[in-house]
Amino acid sequence: MAKSALITGVSGQDGAYLARLLIDKGYRVSGLLARRSSDTLWRLRELGILDAVACIDGDLSDISSIRRALDASGAEEVYNLAAQSFVATSWQQPLLTAQITGVGALNVLEAIRLTDSGARFYQASTSEMFGLIQRERQDEVTPFHPRSPYGVAKLFAHWSTVNYRESFGMHASSGILFNHESPLRGIEFVTRKVSDGAARIKLGKQKELRLGNIDAKRDWGFAGDYVEAMWLMLQQDKPDDYVIATGTTTTVRDMCRIAFEHVGLRYEEHVVVDPKFFRPAEVEVLLGNPSKAKAKLGWQPKTGLNELMRMMVDADLRRVGRE
Ligand code: G4F
């Protein structure tokens, strides 16, 4: 019989790629959908899987809706990807971020425990938990020091996952994912803002691109590669935590250079640094060490930043061209 999975945050970038991966593997896929915005389903549509995902109305802040979704889906694997995931917004909405990104994960864990379904659980943890980094390369034993309400909320969710594993023997794993991007990335995140900006400037629809701290460094990978690691974690005999990263870090500035050069432009002539986009506390540099994932899951990234940015710029050239 086909396996069944429930994805919270199915309409987001990772939710859409994970849904496609699981559908390709023969799973029945259900998605918990918080209907807050008008078109939440464009990513599933773009991947051509909208009709293959059973969408269930629900919200991480409402444990009764999660329990109903677990019953309706019969999920054997639950992937908790839903969150208020934009770091900058977490200073404007710290309590909402704590409720959805932090306590929301605990609601899912508790719903699984109360329904006694034995479902395996994946938590979308994040490199933002390392924040003010304590080691040059961050791995599973690097101490955490979050720098935003988002990072703090994710840390609560991460430790809740570890705690439910240790307290109740739940098969609960946490993927500490470094930044992962794609043409399905939301426009508020810097890579997509840059790929969209480069495309618009190239097509004469925009003159400049205003960014914040372009000296920040990130370990950027392709979301399509990273969802494979999520699935692999839930196929292991024992639950555990894994860093998922490329092991390479690049400045926002150099990421801009790659994107603009792809369309024959010099980023220096178009990018304007605007203090409006600076954050109250910045994570200056992130660099992951994915050795454990490679050794235990057999996972490694396939897509480098050059290829990723070219893919994103090409997708935005097509989108902007259609407007
Ligand atoms: O693309 P970003 O907004 O991603 P950020 O803050 O690193 O968070 C992303 O990755 C995390 C994993 O580490 C996830 F947990 C999280 O949910 C999200 O997916 O910003 C990247 C960097 C930051 O240093 C930011 O200050 O780019 C810098 N930046 C410079 N100018 C900008 C801009 N970021 C945005 N969004 N917009 C700018 O104009």
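Residues numbered from 1 in each chain as written. Predicted model: local features only at pLDDT ≥ 70, side-chain atom pairs only at ≥ 80, totals over all residues. Heavy atoms only, no water.

Asks: Tell me about the site of the ligand, and name the residues and values.
Replies: Surrounding the ligand, one finds 24 residues, the nearest of these being T126, S127, Y150, R279 and E282. S85 places a polar main-chain atom, nitrogen or oxygen, 2.7 Å from an oxygen atom of the ligand. At a separation of 2.9 Å, an oxygen atom of the ligand approaches a polar backbone atom of V190. Within the complex, 96% of the 710 Å² of free accessible area of the ligand lies under protein. (Near = heavy atom within 4 Å. Polar contact = N/O pair within 3.5 Å; in protein donor to acceptor, adjacent residues only side chain to side chain. Areas by Shrake-Rupley, 256 points an atom, 1.4 Å probe, with all protein chains shown as cover.)

Asks: Got a sec to walk through the sheet that holds strand β4 (residues 77-80)? Specific residues and values, please.
Replies: In space, the seven strands of this open sheet follow the order β3-β2-β1-β4-β5-β6-β11, with parallel pairing throughout. What marks the edges here is a single partner per strand, and that holds for β3 (53-57) and β11 (241-244). For this sheet the average axis-to-axis angle between neighbouring strands, irrespective of direction, equals 20 degrees. As judged from the five bridges shared by strand β1 (residues 4-8) and strand β2 (residues 28-33), these two strands associate in the parallel manner. In the strand pairing of β2, A5 is matched with V29. In this fold helix α1 (residues 13-24) packs onto β1, β2, β3 and β4, with an angle of close to 175 degrees to the strand it touches most, β1. In the packing of helix α8 (residues 223-235) onto the sheet, the strands contacted are β4, β5 (120-126), β6 (172-177) and β11, and the crossing angle to β4 comes to about 140 degrees. (Pairing = 2+ DSSP bridges. Helix = DSSP H or I, 4+ residues; strand = E, 2+ residues; numbered from the N terminus. Axes fitted to C-alpha atoms, helices over the stretch in contact; angles between N-to-C directions. Contact = heavy atoms within 4.5 Å.)

Asks: Can you tell me about the pattern of salt bridges, naming the residues and giving the values?
Replies: Applying the stated criterion across every chain, the model contains 18 salt bridges. Across the salt bridge formed by D196 and R200, the nearest N and O atoms sit 3.1 Å from each other. Taken together, the positions of D196 and R200, both in helix α7 (residues 190-202) and four residues apart, correspond to about one turn of that helix. The network of salt bridges with common partners includes E46, R192, D316 and R319. (Salt bridge = Lys/Arg side-chain N within 4 Å of Asp/Glu carboxyl O.)

Asks: Tell me what's going on with empty space enclosed by the protein, and back it up with residues and numbers.
Replies: Following the criterion strictly, the structure yields one cavity of 30 Å³ or more and no others. Taken together, V87, W91, E128, R147, S148, R218, R279, A281, E282 and V283 make up the lining of the largest cavity. Taken together, the residues of the lining of the largest cavity sort by class into four nonpolar, one polar and five charged. Built from parts of two domains, the lining of the largest cavity gets at least three residues from each of domain 1 (4-180 + 220-244) and domain 2 (186-218 + 249-282 + 303-322). (1 Å grid on protein atoms, 1.4 Å probe; cavity = no way out; pocket = protein on both sides within 12 Å on 5 of 7 lines; lining within 4 Å. Points joined across faces, edges and corners; volume = space filled by probe spheres on them. Nonpolar A, V, L, I, M, F, W, Y, C, P; charged D, E, K, R; others polar. Domains from an automatic or database assignment.)

Asks: Pulling in residues and values, what's your account of the packing of aromatic side chains?
Replies: Given two aromatic rings, one states the distance between the centres and the angle between the planes to describe the pair. Per the stated rule, a full pass over the model turns up eight aromatic pairs. Ring geometry for F86 and F189: centres 5.3 Å apart, planes at 75 degrees, overall edge-to-face. Of the two residues, F86 is situated in the loop between β4 and α4 (89-92) and F189 in the loop between β7 (180-181) and α7; the sequence distance between them amounts to 103 residues. With relative accessibility at 18%, the residue F86 sits in the buried group. Judged by relative accessible area, F189 falls into the buried class, the value being 13%. Both rings, one in Y164 and one in F168, keep their centres 5.0 Å apart while their planes meet at 70 degrees; by these two values the pair is edge-to-face. Linking Y164 with F168, this pair stays in helix α6 (residues 149-168), spanning four residues, or about one helical turn. (Phe/Tyr/Trp six-rings, centres within 6.5 Å; stacked < 30°, edge-to-face > 60°. Buried < 20%, exposed > 50% of the residue type's maximum accessible area, 1.4 Å probe, protein only.)

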